[in-house]
Amino acid sequence: MSKLIISGRKRLLGDVTVQGAKNSALPILAAAVICGGESVIYNCPRLSDTEAMLQTLRYLGCKTRRSSGTVLIQNDGLSRSDVPDTLMRKTRGSVVLLGAVLAAEGKAKICLPGGCDIGIRPIDIHIKALRKLGAVIKERRGCLDCRAPHGLKGCEIALPFPSVGATEDIMLAACTASGETVITNAAREPEICDLADFLNRCGAKIQGAGESTIVIDGVSRLSGRDHAIIPDRIVAATLISCAAVTGGEITLKGVIRSHLSSVIPVFEDAGCTFALSGNELKVTAPERLRSMKLVRTMPYPGFPTDAQAPVLAAASVADGTTVFIENIFENRYRHAAELARMGADIRAEGKFAIVEGVPGLYGAAVEATDLRGAAALVAAGLCAEGKTEISGVKYLERGYEDFEQVLTSLGADIVKL
Ligand code: UD1
């Protein structure tokens, strides 16, 4: 079990290139299941989640090869249509294989997905939508047995909530369905657009990605193409949090500013200044942050739930009180109790967290229990007095590529043991 040891109070300074987005990479890798021939994915982060997805693709019969950030997937036809529990449990993102394998094989036997424990995370919206597309789905012993003996048929699907995973799952299932599929109340996240861009390059006919209504005209087949994954806006938000708590000045390279349009104003409230030049974003933090106005997580383009934890860590050392409202997941303040061990003053109850900023945190032994919570503990450790020892590093490795090296290059004192 590795640990991170951080000696805090080092100002972060310098330039860093933001890695490719995990939440784009996972559905795009899964999409290779419905794309014949070779797909070449650039800027694919090397994470335990993406490696688990590649392992699953190999299990299904694809060949995969990685050379640093480039991943090649060769799909000459799948050899099986089941994904066992051991593989599905490795990542939540694997849930989109349901639609993809079903579309490719006309059947899929998929166990329920794993992922971080941040709420109940049901998949009822996925199942209802796939049934509407014509799938017959039975649940047995934690696995879903899906069949579409007569193929999938386009239809209108109104989502009760703009679920990111369900929107992606439907897109993957509908690309090669017969006729037109219309998704209303679709998720609008940039990762949805990235998946649509890849699929359209492969021959799909998807319109409206990034808007609430997505229209998919079914085509008979898709052929693999190359595609570069967008930069990870949550990693960017995490790095901004790390710079902010250390009074730092860093330049993020390769960002898309519009993807951060709900995050930047929160840090501006706190006294940070931003300068954009092309796709480089420079953030300069004040000596001490001010409290932020209400931070309310919402589906995109609202403030992302995935950035809540690292931003909450920043608020914990700001001057004043910040209120957070978590609207997406029910159990997403588990980092608050660990931050309290470092001297933070946070009251979290249900959707709400009230953060009374303290002048400083002190190092302690803390445990990460989910991916973004782990990122919050890293940000806290960077500004704490003395040594912080973080266990549960495997969660961080789900979403942050070589994070300790990235932070070391910016002047942090952080080692992995
Ligand atoms: C994706 C992201 C995750 C991010 C989340 C919200 C990936 C791999 N993960 O997760 O990092 O935090 O979007 O931006 O892209 N829900 C249901 N029934 C369903 C599906 C979802 O009730 O069938 C609920 C969930 O429990 C949650 C909410 O809808 O409360 C949002 O979930 P969703 O947008 O589906 O998140 P994920 O796709 O799991």
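Use the structure listed above.
The structure presented is a predicted model; accordingly, all values stated were derived computationally and were not measured.

Cut-offs used in this document
Starting from 1, residues in each chain are numbered consecutively following that chain's sequence as written. Totals for whole chains, interfaces and linings use all residues, but because this is a predicted model, local features are given only for residues with pLDDT of at least 70 and pairs of side-chain atoms are given and counted only at 80 or more. Values reported for side chains reflect all heavy atoms of the structure, with hydrogen atoms and water molecules removed beforehand. Pairs of cysteine sulfur atoms within 2.5 Å are identified as disulfides in what follows. Each helix is a run of H or I in the DSSP string that is no shorter than four residues. Each strand is a run of E no shorter than two, and both are numbered from the N terminus. Under the scheme applied here, a residue whose accessible area is under 20% of the maximum for its type counts as buried, over 50% as exposed, and between as partly exposed, the area being computed with a 1.4 Å probe on protein chains only. When at least one non-hydrogen atom of a residue lies within 4 Å of a molecule or strand, that residue is treated as near it. Polar contact is defined as a pair of N or O atoms within 3.5 Å, subject to the rule that within protein one atom must be able to donate a hydrogen and the other to accept it, and that residues adjacent in sequence are counted only when both atoms are side-chain atoms. To measure how exposed things are, a 1.4 Å probe is used in the Shrake-Rupley method; for residues, cover is taken only from the protein chains shown. All amino acids are sorted into three groups, where Ala, Val, Leu, Ile, Met, Phe, Trp, Tyr, Cys and Pro are nonpolar, Asp, Glu, Lys and Arg are charged, and the leftover types, Gly among them, are polar. Pairs of strands are assigned from DSSP output, requiring at least two bridges between the strands. By definition, residues are in contact when any of their heavy atoms lie within 4.5 Å. Orientation is described by axes fitted as lines to C-alpha atoms, over the contacting stretch for helices, and by angles from 0 to 180 degrees between their N-to-C directions. Working definition: roughly parallel below 35 degrees, roughly antiparallel above 145 degrees, roughly perpendicular at 65 to 115 degrees, and oblique for all remaining angles. If you view the pair so one helix is near and one far, a crossing is left-handed when the near helix is turned anticlockwise from the far one by less than a right angle, and right-handed when it is turned clockwise. Residues enter a nonpolar core if they are buried and are Ala, Val, Leu, Ile, Met, Phe, Trp, Tyr or Cys, with the set joined through side-chain atoms within 4.5 Å. Only Phe, Tyr and Trp rings are paired, with Trp represented by its six-membered ring, and only when their centres lie within 6.5 Å; those with planes under 30 degrees apart are stacked, over 60 edge-to-face, the remainder tilted. This arc describes the spread of directions from the helix axis toward the C-beta atoms.

## Remarks on the state of the cysteines
Going through the model one piece at a time under the given rule, you end up with one disulfide. Paired through a disulfide, C111 and C143 show a sulfur-sulfur distance of 2.1 Å. Its S-S torsion of about 55 degrees marks the bond between C111 and C143 as right-handed, since a negative value means left-handed. You can see C111 sitting in strand β7 (residues 107-111) and its partner C143 sitting in strand β9 (residues 143-147), a full 32 residues away along the chain. Residue classification places C111 among the buried residues on the basis of a relative accessible area of 9%. C175 takes part in no disulfide bond, and the closest cysteine sulfur to it belongs to C35, at a distance of 7.7 Å. Residue C175 is classed as buried on the basis of its relative accessible area, which comes to 1%. Between C272, a cysteine without a disulfide, and C242, which holds the nearest cysteine sulfur, the sulfur-to-sulfur distance is 12 Å. Accessibility expressed as a relative area gives 3% for C272, which makes it buried.

## Some points on the site of the ligand
Around the ligand, the surrounding shell holds 19 residues, and the nearest of these are D124, I125, S163, D306 and I328. At 2.6 Å from an oxygen atom of the ligand is found a side-chain nitrogen or oxygen belonging to D306. Within the complex, 88% of the 740 Å² of free accessible area of the ligand lies under protein. Of all elements in the fold, only α5 (124-132), α6 (164-174) and α10 (305-315) reach the threshold of two or more residues within the shell around the ligand. Looking at the shell around the ligand element by element, the count peaks at three residues for α5. Split by residue class, the shell around the ligand holds seven nonpolar, six polar and six charged.

## Considering the sheet that holds strand β6 (residues 82-83)
Here four strands make up an open sheet; going across it, the order is β6-β7-β9-β8 and the pairing mixed. Only two strands of the sheet have a single neighbouring strand rather than two, namely β6 and β8 (136-140). The pairing of β8 with β9 spans five bridges and is classified as antiparallel. The partner of I137 across the bridge, within β9, is C146. The strands touched by helix α4 (residues 97-105) are β6, β7 and β9; relative to β7, the strand with the most contacts, the crossing angle is about 155 degrees.

## Description of unusual backbone geometry
In this structure, the amide linkage connecting Y300 to the following residue, P301, adopts the cis form with an omega of 10 degrees. You can see P301 is positioned in the loop between β19 (295-296) and α10. Look at S68: it is not a glycine, yet its phi comes out positive at around 45 degrees. Among the structural elements, S68 can be located in the loop between β4 (63-67) and β5 (70-75). The class of S68 is exposed, set by a relative accessible area of 59%. Even without a glycine there, the phi angle at N185 is positive, about 55 degrees. Take N185: it is sitting in the loop between β11 (180-184) and α7 (190-201). Classification of N185 as partly exposed rests on a relative accessible area of 32%.

## Regarding the packing of helix α1 (residues 22-31) against α7
Remark: α1 packs on α7, axes separated minimally by 9 Å, with the N-to-C direction vectors making an angle of 30 degrees. In terms of orientation, α1 and α7 fall into the roughly parallel class. Seen from above, α1 lies across α7 with right-handed handedness. Every residue of α7 that contacts α1 at N23, S24, P27, I28 and A31 is listed here: E191, D194, L195, F198 and L199. In terms of residue class, the contact of α1 with α7 is built from six nonpolar, two polar and two charged.

## Looking at the pairing of strand β17 (residues 273-277)
Bridging between β17 and strand β18 (residues 280-284) involves five bridges; their strand directions are antiparallel. Along β18, the bridge assignment pairs T273 with T284.

## Regarding the nonpolar core
Among the nonpolar cores identified, the biggest contains 77 residues, and L239, L252, F267, F324, L361, V378 and L407 are the most heavily contacted of them. Not counting residues within four places of it along the chain, the set of residues in contact with V378 comprises L4, I6, I390, L396, F403, L407 and I414. One finds I110, I125, A135 and A186 within the second-largest nonpolar core, a separate group that totals 75 residues.

## Quick look at the packing of aromatic side chains
The relative placement of two aromatic rings is captured by the distance of their centres and the angle of their planes. Summed over all chains, the structure comprises one aromatic pair. Centre to centre, the rings of Y400 and F403 are 4.7 Å apart; their planes meet at 45 degrees, and the pair counts as tilted. Like Y400, the residue F403 is buried in the burial classification.

## Considering helix α11 (residues 334-341)
Note: α-helices contain 3.6 residues per turn, so residues at a spacing of three or four share the same orientation. Taken together, the buried positions of α11 are occupied by H335, A336, E338 and L339. An end-on view of α11 places all buried positions within 165 degrees of arc, on one side of the element. The exposed set on the far side of α11, more than 90 degrees from its buried face, consists of A337 and R341.

## Examining the environment of L199
Within the secondary structure, L199 is located in helix α7. Sequence separation of L199 and I28 is 171 residues, and the distance between their C-alpha atoms is 8.2 Å. With residues up to four places along the chain from it excluded, the contact list for L199 reads A31, I34, L172, C175, A204, I206 and L222.

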